[in-house]
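# Understanding the architecture of this molecule
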Amino acid sequence: MNLDQLKISWNSRGYSFGVFKDPSGQVWADFVHTTDELVVLAEGEIEIEIEGKSQRPQIGEKAFIPAHAIHTDKNVGSVRNVWYYGFRKTED
């Protein structure tokens, strides 16, 4: 699936869409969001720890982070990574 198709798919499912590009060793620690989040690795490596359980999705593999879950994202590779993220849109 290409990037435009992924954006359209996520938007049709009620999710926003963004891109992170992190240097090797970058850690985003102990985040909590009030809405569900999707993450898809596009380049490099990533480790996602959700409520103390770690996973290392492969390129193209989706990870789901439920609302209110404490989570940490780490670039565990030796080069920059690129990953897509989206938050479930809430009703105003």
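Placed above this text is the structure.
These remarks concern the structure in this document. As the structure is a prediction and not an experimental result, all values here were calculated from the model. Starting from 1, residues in each chain are numbered consecutively following that chain's sequence as written. Two thresholds apply to this predicted model, a pLDDT of at least 70 for residue-level local features and 80 or more for giving and counting side-chain atom pairs, whereas whole-chain, interface and lining totals are computed over all residues. Hydrogens and water are ignored here; the side-chain numbers use all heavy atoms of the structure.

## Some thoughts on the packing of aromatic side chains
- Stacked, tilted and edge-to-face are the three classes applied to pairs of Phe, Tyr and Trp rings, where Trp contributes its six-membered ring and a pair requires centres within 6.5 Å; stacked means planes under 30 degrees apart, edge-to-face means over 60, and tilted covers the rest. All told, the structure shown has eight aromatic pairs when counted by the stated rule.
- When the ring of Phe-17 is compared with that of Tyr-84, the centres are 5.3 Å apart and the planes differ by 40 degrees; the resulting orientation is tilted. Of this pair, Phe-17 sits in the loop between helix 1 (3-12) and strand 1 (18-22) while Tyr-84 sits in strand 8 (residues 81-87), placing them 67 residues apart in sequence.
- By way of ring pairs, the aromatic residues Phe-20, Trp-28, Phe-31, Trp-83, Tyr-85 and Phe-87 are connected into one cluster. In this text, helices come from DSSP runs of H or I with a minimum length of four residues, and strands from runs of E with a minimum of two, each type numbered from the N-terminal end.

## A word on the sheet that holds strand 7 (residues 71-74)
- Whether two strands pair comes down to DSSP finding at least two bridges between them. Across the sheet, which stays open at both edges, the four strands sit in the order 2-7-4-5 with antiparallel pairing between neighbours. In the strand order of this sheet, the two ends are held by strand 2 (27-31) and strand 5 (53-55), each with one partner. The mean inter-strand angle of the sheet, taken between neighbouring strand axes irrespective of direction, is 10 degrees.
- Bridge count for strand 2 against strand 7 is three bridges, and the pairing is antiparallel. Paired with Val-27 across the two strands is Lys-74, which belongs to strand 7. With axes taken as lines fitted to C-alpha atoms, and helix axes fitted only over the stretch in contact, angles between N-to-C directions fall between 0 and 180 degrees.

## Let's talk about the nonpolar core
- In this text, buried Ala, Val, Leu, Ile, Met, Phe, Trp, Tyr and Cys residues form a nonpolar core when linked through side-chain atoms within 4.5 Å. Only protein chains enter the accessibility calculation, which uses a 1.4 Å probe; a residue is then buried when its area is under 20% of its type maximum, exposed when over 50%, and partly exposed in between. Within the largest apolar cluster, ten residues are counted, these being Val-39, Leu-41, Ile-46, Ile-48, Ile-50, Ala-63, Ile-65, Ala-69, Trp-83 and Tyr-85.
- Only strand 3 (37-43), strand 4 (47-50), strand 6 (62-65) and strand 8 provide two or more residues apiece to this core.
- With near-sequence residues (within four places) excluded, Leu-41 lies in contact with Ile-46, Pro-57, Gln-58, Ile-59, Gly-60, Glu-61, Asn-81, Val-82 and Trp-83.
- Counting eight residues, the second-largest nonpolar core is a separate cluster that includes Trp-10, Tyr-15, Val-40 and Ala-42. Here, two residues are considered to be in contact whenever any of their heavy atoms come within 4.5 Å of each other.

## Some remarks on helix 1
- At the N-terminal end of helix 1, a side-chain oxygen is found 3.0 Å from the backbone nitrogen of Asp-4, two or three residues along, and the residue is Asn-2.
- After helix 1 finishes, the residue Gly-14 shows a positive phi value of roughly 90 degrees. Definition of a polar contact: a pair of N or O atoms within 3.5 Å, with one able to donate and the other able to accept a hydrogen when the atoms are protein atoms, and with sequence-neighbouring residues admitted only if both atoms are side-chain atoms.

## A word on the sheet that holds strand 1
- Reading across the sheet, the four strands line up as 1-8-3-6 and stay open at both edges, with antiparallel pairing between neighbours. Of all the strands in the sheet, the pair left with one neighbour each is strand 1 and strand 6. Taken over all neighbouring pairs, the strand axes of this sheet differ in orientation by 25 degrees on average, direction set aside.
- Alignment of strand 3 against strand 8, held across six bridges, turns out to be antiparallel.

## Focus on the environment of Asp-36
- Structurally, Asp-36 is set in the loop between strand 2 and strand 3.
- Judged by its relative accessible area of 17%, Asp-36 is buried.
- Spatially, the C-alpha atom of Asp-36 lies 25 Å from that of Gly-25, the residues being eleven residues apart in sequence.
- Setting aside chain neighbours within four positions, we find Asp-36 in contact with Tyr-15, Phe-64, Ile-65, Pro-66, Ala-67, Gly-86, Phe-87 and Arg-88.
- At 2.8 Å, the side chain of Asp-36 and the backbone nitrogen of Ala-67 are in polar contact.

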